[in-house]
Amino acid sequence: MDQHTTIARAQAAQARCIDNNLLEQWPDFFTQSCLYKITTLENHTLGLPAGLMHAFSRAMLVDRITALRQANIYERQLYRHIIGLPAILATEADGRVRSETPFLVVRILRQGETDLFATGRYLDLWDLGGENALLAERIVVCDSSRIDTQLALPL
Amino acid sequence: MNDQPADHGTDALPDWAPGLSRIPYWLFQRQDVADAERTRIFHGPSWNYLGLAAEVPNPGDYRCTWVGDTPVVMVRDDHGEVRAWENRCAHRGALIAVENQGNAKSFACVYHAWTYDQAGTLTSVAFQKGIKGQGGMPRDFDICQHGPRKLKIAVLCGLVFASFDHAAVPLEEYLGEAIVARVQRVFLGRTPKILGRFTQVLPNNWKLYAENTRDSYHASILHLFFTTFKINRLGMKGGIIVNHHGGCHVSWSSNTQPKASADDYSGLRADSGYQLADPTLLRGFDEFRDDVTLQILSVFPGFILQQIQNALAVRQMVPRGPDKADLHWTYFGFEEDTPEQTEVRLKMANLMGTGGFISMEDGCVGGFVQRGIAGAADQQALLMMGGHDADSQDSRVTESSIRGFWKAYRAAMGI
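What counts, and at which threshold
- Position numbers for residues start from 1 in each chain and track the written sequence from start to end.
- Labels are handed out in written order, letters beginning with A for the chains and numbers beginning with 1 for the ligands.
- Where totals are concerned, whole chains, interfaces and linings use all residues; where local detail is concerned, this predicted model gives features only for residues with pLDDT of at least 70, and gives and counts side-chain atom pairs only at 80 or more.
- With hydrogens and water stripped out, all remaining heavy atoms of the structure feed into the side-chain values.
- A run of DSSP states H or I qualifies as a helix once it reaches four residues; a run of E qualifies as a strand once it reaches two. Both are numbered from the N-terminal end.
- Under the scheme applied here, a residue whose accessible area is under 20% of the maximum for its type counts as buried, over 50% as exposed, and between as partly exposed, the area being computed with a 1.4 Å probe on protein chains only.
- By definition in these notes, contact holds between two residues if any of their heavy atoms fall within 4.5 Å.
- Working definition of accessibility: Shrake-Rupley area with a 1.4 Å probe, residue cover restricted to the visible protein chains.
- Counted as positive: Lys and Arg. Counted as negative: Asp and Glu. His and the chain ends are not counted at all.
- A charged residue contributes its charge at one atom only: NZ of Lys, CZ of Arg, CG of Asp or CD of Glu.
- We call a set of buried Ala, Val, Leu, Ile, Met, Phe, Trp, Tyr and Cys residues a nonpolar core when their side-chain atoms join them within 4.5 Å.
- When DSSP finds at least two bridges between two strands, those strands are taken to pair.
- Angles shown run from 0 to 180 degrees and are taken between the N-to-C directions of axes, each axis being a line fitted to C-alpha atoms and, for helices, limited to the stretch in contact.

Enquirer: What is the right way to look at the overall build of chain B in this model?
Expert: Helices and strands together make up the secondary structure of chain B, namely 9 helices and 19 strands. Its C-alpha atoms give chain B principal-axis dimensions of about 85 × 55 × 35 Å. Counting over 415 residues, chain B shows a buried share of 59%. Put simply, of all contacts in chain B between residues at least 6 apart along the chain, 65% involve residues at least 24 apart. Summed over its atoms, the accessible surface of chain B is roughly 16,900 Å², and 51% of this surface lies on carbon and sulfur atoms. Here chain B carries 40 positive and 46 negative side-chain charges, and the mean point of each set is 3 Å from the other.

Enquirer: I would appreciate a short explanation of the nonpolar core in the present structure.
Expert: Soluble globular proteins tend to pack their nonpolar side chains together in the buried interior. Grouped together as the largest cluster of nonpolar side chains are 144 residues, with contacts concentrated most on Y36 and L155 of chain A together with Y331, W406 and Y409 of chain B. Contacts of L155 of chain A, omitting those with residues within four sequence positions, involve I18, Y36, I38, Y79, H81, V105, F117, A118, Y122, V140 and C142 of chain A. Listed in part, the 17 residues of the second largest apolar core include Y62, L122, V125 and I143 of chain B.

Enquirer: For this particular structure, what's the right way to read the pairing of strand 14 (residues 249-254) of chain B?
Expert: Both faces of the sheet carry side chains from a regular strand, because those side chains alternate between them. All names here are of chain B. Taking burial as the measure, the 6 residues of strand 14 include 6 buried ones, the bulk of the element. Because side chains alternate across strand 14, one face comprises the buried residues H249, S251 and S253, and the other comprises V250, W252 and S254, equally buried. Sheet topology places strand 13 (residues 238-242) next to strand 14; 5 bridges connect them, and they run antiparallel. Pairing of I240 across the sheet is with S251, part of strand 14. Connecting strand 13 to the next strand, strand 14, in antiparallel fashion are 6 residues, including G246 with a positive phi near 95 degrees.

Enquirer: Even after reading the chapter, I still don't get the sheet that holds strand 2 (residues 48-52) of chain B, so can you show me in this structure?
Expert: The strands making up a sheet associate through backbone hydrogen bonding, with each pair oriented either parallel or antiparallel. All names here are of chain B. Ordered in space as 2-11-10, the 3 strands form an open sheet in which the pairing is antiparallel. Both outer strands of the open sheet, strand 2 and strand 10 (152-156), are each paired with one neighbouring strand and no more. Adjacent strand axes in the sheet meet at a mean angle of 30 degrees when their direction is disregarded. The pairing of strand 2 with strand 11 (residues 159-163) spans 4 bridges and is classified as antiparallel. Residue pairing in the sheet places L52 in a bridge with L159 of strand 11.

Enquirer: Help me out: how do you make sense of the sheet that holds strand 16 (residues 303-308) of chain B in this one?
Expert: Spatially, 8 strands are ordered 8(A)-12(B)-18(B)-17(B)-16(B)-15(B)-14(B)-13(B) in an open sheet, and the strand pairing comes out mixed. The open sheet has two free edges, formed respectively by strand 8 (146-148) of chain A together with strand 13 of chain B, since each of these has just one partner strand. Adjacent strand axes in the sheet meet at a mean angle of 20 degrees, parallel and antiparallel pairs treated alike. Here strand 14 of chain B runs beside strand 15 (residues 292-299) of chain B; their pairing, made up of 6 bridges, is antiparallel. If you follow W252 of chain B over to strand 15 of chain B, its bridge partner there is Q295 of chain B.

Interpretation note: all reported values are geometric properties and have no functional meaning in isolation.
Right, here's the structure in full:
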C-alpha cells in the first residue's frame with residue numbers, strides 16, 4: 001500500500017472511533033511518546049505553544065478519555081468528522097512521514113441542533129514502520145480562534 | 001453607525017427586593033438590562049482589564065480589545081506609556097484598527113483616512129480644506145473637538161486596566177489591599193510571557209459566568225477532576241476574601257492535609273477514585289512563597305486571574321447581548337521560566353480553558369441555567385450558603401463572594 005493510502009486509512013479509522021463513540025480505541029492510533037495538541041491558527045502562526053488539549057504521551061490521551069468517561073460533565077453530543085485527503089509533505093531522515101489533512105467537524109448536541117463546530121487541518125507526523133500507521137505527532141490547527149461552549153471530545 | 005441602544009434607565013425594570021441572597025432571573029434575559037450595564041457599569045467608574053503590558057512590549061505595538069462590548073485599542077506610545085481609546089472613528093463610527101494586533105506610528109481609518117496618533121487624538125482629516133477651494137469641511141470645524149473616547153489607564157503587575165470614567169478611584173483603592181497583595185503573589189515581580197490565547201463562546205449571560213467564578217461552593221462538586229486528585233476539596237485549608245465594595249474576590253486553598261474525610265462526599269459523584277496513567281500532568285514546581293495551590297481572583301466587572309498549581313491564566317469577559325458572552329483566555333508564564341517550567345505550564349494547561357479537565361464544565365453549566373430559566377423571569381435564584389452578607393470567610397462552603405458581586409452590581413446600576 002502506498003503512503004497516501006496508508007495514512008488516509010488510518011485517519012478514517014481514527015475519526016470513526018471518535019464519531020462512533022469508540023473513544024477507548026482512539027489512543028491506539030498514537031505512539032507511546034506521542035504529542036497531541038489542539039490549537040488555533042492564530043496561536044500556531046504566532047508561535048504560541050499552549051493547546052486546548054495537549055498530551056505529551058499516549059498515556060495522557062488515555063487519561064483524557066478516562067476523564068471524559070468518569071469525571072467530566074458535558075452535554076451529550078456527537079461529532080461527525082469529514083476528513084479531506086492527506087497531502088504528503090516530507091519524509092524525515094528517520095523515515096517518518098509528515099502530512100497535512102483538512103478536516104471539518106459537525107457537532108450534534110442533545111437538543112438536536114447540527115452545528116459546524118470546527119474546521120482546520122491536521123499537521124501529522126506518521127510512523128509507518130509497523131503493522132499500523134501510528135501518529136508520533138498530531139497538531140490540530142483550528143481555523144477559528146473561537147470554540148463554542150466547551151471542547152469535550154477530541155478533534 | 002451607532003448600534004448601541006441608549007440607556008433607557010432602570011425605571012422600566014421589575015422590582016428587586018433589597019438584599020443580596022435573592023437574584024431575579026430577569027437580570028439575565030433583558031436587552032434593557034444589558035444596555036443599562038453598558039453605560040452604568042462598563043462605561044462607568046469600574047476598572048476593566050484590557051490585556052497584558054507584555055502584549056504591547058515595544059513603542060507602537062497595539063492590540064484590539066474590549067471594555068464590555070465596546071471595542072477598544074490598547075497601544076504603547078513612543079514614550080513607553082500604555083494608552084487606550086475607543087476603536088471608533090470620530091467621523092462615521094468605523095473601526096479604526098482592524099487587525100487583532102500590530103505596530104503603528106499612527107492609525108488611519110480605512111473608510112475616509114481620518115488619522116489618529118497613538119494616544120487616539122485626531123490629527124488629520126483627509127481633504128479637510130477640499131480640493132482647489134471646492135468642498136471640504138466647514139471653516140469652523142475644530143479638529144480638537146473630535147475623537148474617540150480615551151480611557152484612563154492603570155497597570156498593576158503588568159496587567160493593564162482601563163476606565164471610561166476619568167474620575168474613577170485609583171485602581172489599587174478599587175481593589176483594596178488584600179486583593180492587590182493576592183495579585184502580586186502570582187507575579188512576584190516577573191515579566192509575563194504569553195503562552196496562548198483562546199476564545200470560549202459562552203451560551204449565557206455574562207453575569208452567570210461572573211457568578212460561577214465567584215462560586216467556591218460548586219468547585220469540588222461540579223468539577224470531579226479536582227476532587228478526585230485532591231487538588232481541591234472544600235475541607236482543605238482555604239478561604240474567601242471579598243473586598244469592600246464586594247465586586248472583587250479571592251478564593252484560595254492550600255495543599256496542607258485535608259481536614260475532611262471521604263465521608264463528607266459520600267452520596268456525591270465525587271466519591272469515585274481513579275488514577276492518572278501519566279501522573280506527570282500534575283507534577284509541578286514550587287513557584288510561590290506559600291502553600292497556596294489554587295487561587296481564583298476576580299475584579300468587577302469582568303476580569304479573572306487564575307492560578308491552579310502552575311497553570312496561570314487571565315480571563316476577560318465580553319458580553320454579547322443578554323444570552324451570550326465571549327470569554328477570552330490568555331495563558332501565560334514568565335520570561336524567567338526555564339524550558340522545563342514552561343513544559344510544566346503547558347501540561348497543566350490541560351486543566352483549564354474550553355477543554356480543561358477542571359473547567360470545561362463551566363462552559364456548559366451557564367448554558368444550563370440560561371435555558372433553565374427561560375420561563376422564569378419572575379422567579380429568583382437563592383444565594384444563602386454562608387449567610388446573607390458579602391463578607392470574607394474562612395470556609396469556602398459559602399456564596400459570600402457571589403453576593404459580593406451583586407452588592408457591587410446593585411451599587412453600580414442603582415437598582
